[in-house]
Amino acid sequence: MAVGIGDLDHLIEVQKGRHFVRDGRTVVPGYTRRKPRRPDEVTDGGSMYWVIKGQVRCRQRVLDFELVDGEEGETWCRIIMDPELIPTMPVAKKPFQGWRYLEPSAAPRDLDDAGPDGELPPHILAELRELGLA
């Protein structure tokens, strides 16, 4: 869940300020309370799918996880991600907590791979889906 993020451009802008270099590669961190139970599946080519305003809107490849200590003594899981955000076909998603795992067949398709519908702007596709027309 991209809490407080208005749209894909906003997420891109927020993440630009967080980039850092790790092992000679530019990466971007994300944080969550708990490390996933199946981390090897996620780091073996998996992606974080970002839910923005109730819809999956993009994905970002996950490279690694590490536990870090917070300022108040709590432990956080830092998600190390590729900085590239890949737009996906918009798919409605209700709020949730914790990790959810998508089988490849259930994951939203990348917008570039979407076929003829991919030619429409994402906000129009989202609206058509909400109306049950796409």
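Residues numbered from 1 in each chain as written. Predicted model: local features only at pLDDT ≥ 70, side-chain atom pairs only at ≥ 80, totals over all residues. Heavy atoms only, no water.

**A word on the nonpolar core**
Threshold: As used in this record, nonpolar core signifies buried Ala, Val, Leu, Ile, Met, Phe, Trp, Tyr and Cys residues forming a set joined through side-chain atoms within 4.5 Å. Think of it in three bands: with a 1.4 Å probe and only protein chains considered, a residue is buried below 20% of the maximum accessible area for its type, exposed above 50%, and partly exposed in between. In this analysis, two residues are considered to be in contact whenever any of their non-hydrogen atoms come within 4.5 Å of each other.
In terms of nonpolar packing, the biggest core is built from 15 residues, with L11, M48, W50, V62, F65, I79 and M81 touching the most fellow members. Each residue touching I79, except ones within four places of it in the same chain, is listed here: V28, P29, G30, T32, M48, V62, D64, F65 and W99.

**Details of the packing of aromatic side chains**
Rules: Any two of the Phe, Tyr and Trp rings considered here, Trp counted by its six-membered ring, make a pair once their centres fall within 6.5 Å; the pair's planes then place it as stacked at under 30 degrees, edge-to-face at over 60, or tilted in between. The rule is short: NZ of Lys or CZ of Arg within 6 Å of the ring centre and within 35 degrees of the ring normal puts a charge over the ring.
Scanning the entire structure with this criterion turns up zero aromatic pairs. Of note, R38 hangs over the ring of Y101, and the distance from its end group to the ring centre comes to 4.1 Å.

**Observations regarding the environment of Q15**
Put simply, the rule reads: Each helix is a run of DSSP H or I of at least 4 residues and each strand a run of E of at least 2, with the numbering of both proceeding from the N terminus.
Checked against the element boundaries, Q15 lands in helix α1 (residues 8-16). Looking at Q15, the relative accessible area reads 3%, which means it is buried. Between the C-alpha atoms of Q15 and L85, which are 70 residues apart in sequence, the distance is 9.8 Å.

**Things to note about the environment of V42**
Within the secondary structure layout, V42 lies in helix α2 (residues 39-43). Judged by its relative accessible area of 9%, V42 falls in the buried class. V42 sits 23 residues away from F65 along the chain, and the two C-alpha atoms are 9.5 Å apart. When neighbours within four sequence positions are excluded, V42 is seen to be in contact with S47, V62, F65 and Y101.

**Re the side chain of T88**
Put simply, the test is: Think of a polar contact as two N or O atoms within 3.5 Å of one another; within protein, one of them needs to be a possible hydrogen donor and the other a possible acceptor, and neighboring residues in sequence only count if both atoms come from side chains.
Among the secondary structure elements, T88 is positioned in strand β6 (residues 86-92). Of note is the side chain of T88, whose polar atom sits 3.4 Å from the backbone nitrogen of C58.

**Concerning unusual backbone geometry**
Backbone geometry places D23, a non-glycine residue, at a positive phi of 55 degrees. Considering the arrangement of structural elements, one finds D23 in the loop between β1 (20-22) and β2 (25-32).

**Side note on the pattern of salt bridges**
The following threshold applies: Salt bridge, as used here: a side-chain nitrogen of Lys or Arg that lies within 4 Å of a carboxyl oxygen of Asp or Glu.
All chains considered together, the criterion is met by six salt bridges. Where R78 meets E66, a salt bridge forms, and the shortest distance between an N and an O atom there is 2.6 Å. Taken together, the positions of R78 in strand β5 (residues 75-81) and E66 in strand β4 (residues 55-69) put the pair 12 residues apart, joining distant regions of the chain. What emerges from the salt-bridge pattern is a single network uniting R22, D64, E66 and R78.

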